Amino acid sequence: MRVSADNTKCVVSDMCVYRVPAVFDQDEDGLVKIIDANPPGELAEDIRRAAKGCPVGAITVYED
Amino acid sequence: MTATTPVDYPFPWTEPIAIPPTWETLRERAIQPISLPSGDPALLVTRYKDVKALYSDHRLSRNTGRYPTSRISPNNAIFDDPEVDSDPPRYLAERSLVTRAFTARRIEGLRPFVKAVAEELMAAMESGPQPVDLMEGFAFPLPIRVICKLLGVPAEDQAKFRAMVDGFLSVTKLPVEEVNRCRVGLWAYLGDLVESKRVAPTDDLTSELVKISDADPDKLSDHQMVHWLQSLLIAGYVTTATQIGCSMAYLLHHREVADEIQADFTLVPGAVEELLRYQIMGASLGSTRYCLEDIELSDGSIVPKGSTVLLAVEANLDAEQFECPMKMDIKRNPNYHLSFGSGIHYCAGAPLARMELQVATEGLLRRFPKLELAVPGADLMREQGSFLGGFAEIPVRW
């Protein structure tokens, strides 16, 4: 699985950071930052949920 | 009730501390015509899928003060300010100046302070006679202390600004003269705050915004700054206080849910989300939008151009999205409720509110293991005629 995030869409809900801190972080302005773009499989479900829970759909998951 | 007969909105609370069963049939039609407290018409979009999509649809404008939008209140424009642009791109540029204060790091940095304030308030509750009104003893002062710290507002001014905020949020509660006195007073109060930070900046969001505005007034004018401060101050405590009250009223009225949390406090964050989903605080008045073009919903029905639209928080009870939606399930996960909205107007203070709700719920249920309502749940009085619902008073003992 690969994951990417569009920080131009981000509205700083913080939810992805709380849900999967190993993958999502924030810059100084709170905008989403990916710290692991190829996360381990055991995080897959949490990452999918983070993507689905993002209020602006800023997170994209590639199931490959 | 036919599709063309408007029903009064907000819906009446017919149950003590529970969602009225009639809300279950609300989604039989995708659009429910409603009559606002002003008597003006609007359309309530009812289904989760549509509500979620429309929150991100730019054909719905948040600039309700710039279009012939139906009025919520007969005598109060509430948040409508034609001078402020609440649509993108302007809105997003301003919003990002504010949301910097709500990153996960900053919120976690504030958590110990919130816990300390909660402990202080609970100690004060313990030192006096019972019952105690949970709203005045805890639910209001906690978020007030927090938002005052964040904005650099002296907490001792709260008597002053609370009365004005109460008037600002009046839908039908107060006469127009009183509403206007409060609106003018609150604006002047926040204008003075800005001036005081300009002269003597401190370590708070207001001072940061003043610095930004002084460096580049095109980025943020004084008017826009005061508008943001007004929204932050009001949203910063009234909503949180009301939700603390609603959550605790629910938990104490349905004591088995509180028991479950007390047996395992790791359930608190999930419980907070579920209590947000199972929304007994208010209504969707904050989601009012003006429709700029015809919009087709998922079932083919049309929201016509020129209509005033409300996106139903009641979509949190949509069985298409939530299994057994009328059931309180504090272990529900995931829980993509819409109580903070969605899209670009997603509640800017949501991370702070979540943290405060977690601290409040856990704090109260830990410190007072036998906390209970001091009156029957059915006797709790609801706030009347205001932008937000919730309970006016919640007497508790332990």
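Residues numbered from 1 in each chain as written. Chains lettered and ligands numbered in written order. Predicted model: local features only at pLDDT ≥ 70, side-chain atom pairs only at ≥ 80, totals over all residues.

Draft legend 1. Examining the overall build of chain A more closely. A tally of regular secondary structure across chain A gives 2 helices and 4 strands. Written out in order from the N terminus, the α and β elements of chain A read β-α-β-β-α-β. The principal-axis extents of the C-alpha atoms in chain A amount to approximately 30 × 20 × 15 Å. Of all 64 residues assigned to chain A, the portion counted as buried reaches 36%. (Helix = DSSP H or I, 4+ residues; strand = E, 2+ residues; numbered from the N terminus. Buried ≥ 20, exposed ≤ 12 C-beta atoms within 10 Å, placed from the backbone.)

Draft legend 2. Representation of the confidence of the model for chain B in the model. With 99% of its residues at a pLDDT of at least 70, chain B reaches an overall mean of 95. Here the complex is predicted with pTM 0.97, and the ipTM for its interfaces comes to 0.97. (pLDDT = per-residue confidence, 0-100.)

Draft legend 3. Here's a closer look at the interface of chain A and chain B. Contacts between the two partners involve 14 residues from chain A and, on the opposite side, 16 residues from chain B. Among the elements of the structure, α1 (15-19) and α2 (44-53) of chain A are those that each provide at least two residues to the side of chain A that touches chain B. In terms of residue count, the dominant contributor to the side of chain A that touches chain B is α2 of chain A (3 residues). For the side of chain A that touches chain B, the class distribution of residues is 6 nonpolar, 4 polar and 4 charged. (Contact = placed C-beta atoms within 7 Å. Nonpolar A, V, L, I, M, F, W, Y, C, P; charged D, E, K, R; others polar.)

Draft legend 4. A look at the nonpolar core. C16 of chain A together with V45, V51, L142, L151, L229 and V309 of chain B are the most contacted members of the largest nonpolar core, which totals 140 residues. Those residues in contact with L151 of chain B that sit more than four places away from it in its chain are D204, L205, T206, L229, L232 and L233 of chain B. (Core = buried A, V, L, I, M, F, W, Y, C linked by C-beta atoms within 7 Å.)

Draft legend 5. Structural detail: the packing of helix α8 (residues 205-215) of chain B against helix α9 (residues 222-253) of chain B. Residue and element names in this part refer to chain B. As a packed pair, α8 and α9 sit with axes 10 Å apart at the nearest point and diverge in direction by 160°. One way to sum up the angle between α8 and α9 is to call them roughly antiparallel. Seen from above, α8 lies across α9 with right-handed handedness. Side by side, α8 and α9 meet where T206, L209 and S213 of the first sit next to D222, M225, W228 and L229 of the second. Looking at the contact of α8 with α9 residue by residue, the classes come out as 4 nonpolar, 2 polar and 1 charged. (Axes fitted to C-alpha atoms, helices over the stretch in contact; angles between N-to-C directions. Parallel < 35°, antiparallel > 145°, perpendicular 65-115°, else oblique. Left-handed = near helix turned anticlockwise from the far one by under 90°.)

Draft legend 6. Inspection of the environment of E24 of chain B at higher detail. Residues and elements named next belong to chain B. Residue position: E24 is located in the loop between β1 (7-8) and β2 (31-35). With 15 C-beta atoms packed within 10 Å, E24 lands in the partly exposed category. Setting aside anything within four residues of it in sequence, one finds E24 in contact with L317 and M326.

Draft legend 7. Quick peek at the sheet that holds strand β10 (residues 372-373) of chain B. Residues and elements named next belong to chain B. The 3 strands lie next to each other as β5-β11-β10, forming an open sheet whose pairing is antiparallel. The two strands at the open ends of the sheet, each matched to only one other strand, are β5 (132-133) and β10. Taken together, the 2 bridges between β10 and strand β11 (residues 395-397) define a ladder with antiparallel strand orientation. Looking at β11, one finds that E372 is bridged to R397. (Pairing = 2+ DSSP bridges.)

Draft legend 8. Spotlight on unusual backbone geometry. All names here are of chain B. With an omega of -5°, the peptide bond between Y9 and P10 qualifies as cis. Following N333, the chain continues into P334 via a peptide bond in cis, with omega recorded as 0°. For P334, the position within the fold is in the loop between β9 (308-311) and α12 (350-367).

Draft legend 9. Structural context of the packing of helix α6 (residues 158-168) of chain B against helix α7 (residues 176-199) of chain B. All names here are of chain B. The geometry of α6 relative to α7 is characterised by a closest axis approach of 8 Å and an angle of 130° between their N-to-C directions. As the angle between them shows, α6 and α7 are arranged oblique. Handedness of the crossing formed by α6 with α7: left-handed. Here K160, F161, M164, V165, G167 and F168 of α6 lie close against α7, whose contacting residues are E178, V179, R181, C182, R183, G185, L186 and Y189.

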